[in-house]
Amino acid sequence: MVKRPGAGELDVPPDDLPDGLVIADSQGRVTCFNAEAARLTGTDPAQALGSPLAEALPLEDPDGRPWWQLTDPYRGLATRAGQPERNLLLPGGREVLVAARYVRVRPAGPVRQVVITLRSTEGRQRMERSNAELIATVAHELRSPLTSVKGFTATLLDKWDRFTDEQKRLMLQTVDADADRVTRLITELLDVSRIDSGRLEIRREPVRLDDAVRRQVKTLVTAGADPDRFELRLAHGLPVLWADPDKIAQVLGNLLENAVRHGAGTVTIEVEPVPHTGDRSEGTAVTVSDQGAGIPEDAMHRVFTRFWRGSTRGGTGLGLYIVKGIIEAHGGTVTVGRCPGGGARFRFILPAGTPAVLVS
């Protein structure tokens, strides 16, 4: 049995906590050793209870020094309130995140309890791997356009008089396209950072989604896409939509480019009103579908995660992650599925109506 403090000390049973919890009394004897602490340390709670803290929870710093001797919670400075979270080592070298709080009888008085929380480092390691993958992706994606820009500019500077005007124009157009590619990559990285930190700014104003769709299709056609590949089904009487026009253009651009690049056949864009239901307000739905091979069922749940790529045709794998972040920042939803013919089908719904701050 894990000994639990009284209800006045802890309202939630320790074994229900998601983090490891170890509590020692004023004499340094363990009075609580919950189930998660037992799982992380491999220690039987029955053996830990009543044992000295340093024996029940033997921790070392990365240099191999005994942690409890270094931190000395009971005889250290009386002004200390605890220890911030840091990586420490369990016997055998396993890492664990440890934070401590010193509960004193009175300010600057003797320590009545030492409360320690333990967390696995797996979450932090996953984040570090994700960040490392992001850096590797950025480096890879930047290398190609920057190499091209450097090569063409160096060639032009060195042999300007040897090229015709048409050759110069072609080289400069390539440099311009590569510069746009770098700019887009940097924009994507900034968006990912803002989405992860919850700081994505939405500047709302009236937006007509049918017009926004037409503009994105025109942009793709101007860039070389076949106009016959697009079929627009735009409903009449769409509700007023307050959204960030630049962010919505980014969402539409990502979805349409994905359909053109990774799909096949006709790309169909449907824009229709969504009526008010019991649990959902009135809004507008946009569906983008193609006639390609579609997305495998076992990959559906990964489509909106970082670095997911539906094919080997390039890209950073951040576009759909950003789409999801933008739509959710607007209070909407986005889903992915398969068309009856097998192609990919993306659908997002944005709520309609005027923001509350603008309602008189």
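Please read these numbers as outputs of a predicted model, since none were measured by experiment.

Caption draft 1: How the structure looks around the nonpolar core. Counting residues in hydrophobic clusters, the biggest one holds 47 residues, and the most contacted among them are Leu 255, Ile 269, Val 286, Val 288, Ile 295, Phe 346 and Phe 348. Excluding its chain neighbours within four sequence positions, the residues that come into contact with Phe 346 are Leu 255, Val 286, Thr 287, Val 288, Ile 295, Val 303, Phe 304, Leu 320, Thr 335 and Val 336. Of all hydrophobic cores here, the second largest spans 24 residues; its members include Val 30, Ala 48, Leu 53 and Trp 67.

Caption draft 2: Expanded view of the pattern of salt bridges. A complete count under the given rule lists 16 salt bridges for this structure. Between Arg 184 and Glu 188 there is a salt bridge, and its shortest N-O distance comes to 3.8 Å. Here the residue Arg 184 and the residue Glu 188 both occupy positions in helix α6 (residues 165–197), the gap between them amounting to four residues, near one helical turn. Measuring nitrogen to oxygen at the nearest pair gives 2.8 Å for the salt bridge that ties Glu 257 to Arg 184. Here the residue Glu 257 occupies a position in helix α8 (residues 245–262), and Arg 184 occupies one in helix α6, the gap between them amounting to 73 residues. In this structure Glu 257 comes out as partly exposed when scored by relative accessible area, which is 25%. The structure contains a network of salt bridges with shared partners spanning Arg 208, Asp 210, Asp 211 and Arg 214.

Caption draft 3: Seen up close, the sheet that holds strand β12 (residues 344–351). The five strands are arranged β7-β9-β10-β12-β11 in an open sheet whose pairing can be described as mixed. Two strands in the sheet have a free side with no partner beyond their single neighbour: β7 (230–234) and β11 (333–338). Taken over all neighbouring pairs, the strand axes of this sheet differ in orientation by 15 degrees on average, direction set aside. Where β11 and β12 come together, six bridges link them in antiparallel fashion. Bridge pairing in β12 places Thr 335 opposite Arg 347. On the sheet, helix α7 (residues 209–222) packs against β7, β9 (267–274) and β10 (283–289) and is oriented at approximately 170 degrees with respect to β7.

Caption draft 4: Expanded view of the environment of Leu 89. Tracing the sequence through the fold places Leu 89 in strand β3 (residues 82–89). Among the residues examined, Leu 89 registers a relative accessible area of 19% and is labelled buried. Taking the C-alpha atoms as reference, Leu 89 lies 53 Å from Thr 153; in sequence the two are 64 residues apart. Apart from residues lying up to four places away in sequence, Leu 89 is in contact with Pro 58, Leu 59, Glu 60, Asp 61, Pro 62, Arg 94 and Glu 95.

Caption draft 5: Up close: the packing of helix α5 (residues 122–159) against α6. It is at 9 Å that the axes of α5 and α6 come closest, and there the two elements cross at 160 degrees. In terms of orientation, α5 lies roughly antiparallel with respect to α6. Where α5 crosses over α6, the handedness of that crossing is left-handed. The residue inventory of the contact of α5 with α6, partitioned by class, reads 14 nonpolar, five polar and four charged.

Caption draft 6: Looking closely at the pairing of β9. One ladder, built from five bridges, connects β7 with β9; its direction is parallel. By the bridge assignment, Leu 234 is partnered in β9 with Val 271. By the bridge criterion, seven bridges tie β9 to β10 in an arrangement that is antiparallel. Counted as the bridge partner of Ile 269 is Val 288 from β10.

Caption draft 7: Up close: the packing of aromatic side chains. A full pass over the atoms with the stated rule returns one aromatic pair. Taking the centre distance of 6.1 Å and the plane angle of 85 degrees together, the rings of Phe 304 and Phe 346 count as edge-to-face. One end of the pair, Phe 304, is in the loop between β10 and α9 (319–329); the other, Phe 346, is in strand β12, with 42 residues separating them in the sequence. Across this residue pair, the class does not change: Phe 304 and Phe 346 are buried.

Caption draft 8: Representation of α6 within the structure. When the terminal C-alpha atoms of α6 are compared, their 48 Å separation across 33 residues agrees well with the 48 Å that a helix rising 1.5 Å per residue should span. Lys 168, Met 171, Val 175, Asp 178, Val 182, Leu 185, Glu 188, Asp 191, Val 192 and Ile 195 are the residues of α6 that are buried. The inward-facing, buried residues of α6 abut α5, α8 and α9. Two residues or fewer past α6, Gly 198 is found with a positive phi of approximately 75 degrees.

Caption draft 9: Representation of the side chain of Asp 244. Residue placement: Asp 244 occurs in the loop between β8 (241–243) and α8. Buried charge without a partner: Asp 244 forms no salt bridge, and the closest opposite charge is Lys 247, 4.3 Å away. Discounting chain neighbours no more than four positions away, the residues touching Asp 244 are Glu 201, Ile 202, Arg 203, Arg 204 and His 330.

Caption draft 10: A look at α9. Within α9, eight of the 11 residues are buried, which leaves it mostly tucked inside the rest of the structure. For α9, the full list of buried residues reads Gly 319, Leu 320, Tyr 321, Ile 322, Val 323, Gly 325, Ile 326 and Ile 327. Lining the buried residues of α9 we find α6, α8, β11 and β12. Of the residues one or two after α9, Gly 331 is the one with positive phi, at around 85 degrees.

Conventions and cut-offs
Residues numbered from 1 in each chain as written. Predicted model: local features only at pLDDT ≥ 70, side-chain atom pairs only at ≥ 80, totals over all residues. Heavy atoms only, no water. Core = buried A, V, L, I, M, F, W, Y, C linked by side-chain atoms within 4.5 Å. Buried < 20%, exposed > 50% of the residue type's maximum accessible area, 1.4 Å probe, protein only. Contact = heavy atoms within 4.5 Å. Salt bridge = Lys/Arg side-chain N within 4 Å of Asp/Glu carboxyl O. Helix = DSSP H or I, 4+ residues; strand = E, 2+ residues; numbered from the N terminus. Pairing = 2+ DSSP bridges. Axes fitted to C-alpha atoms, helices over the stretch in contact; angles between N-to-C directions. Parallel < 35°, antiparallel > 145°, perpendicular 65-115°, else oblique. Left-handed = near helix turned anticlockwise from the far one by under 90°. Nonpolar A, V, L, I, M, F, W, Y, C, P; charged D, E, K, R; others polar. Phe/Tyr/Trp six-rings, centres within 6.5 Å; stacked < 30°, edge-to-face > 60°. Expected span 1.5 Å × (residues − 1). Lys, Arg positive; Asp, Glu negative; His and termini not counted.

Keep in mind these values describe shape, not function.
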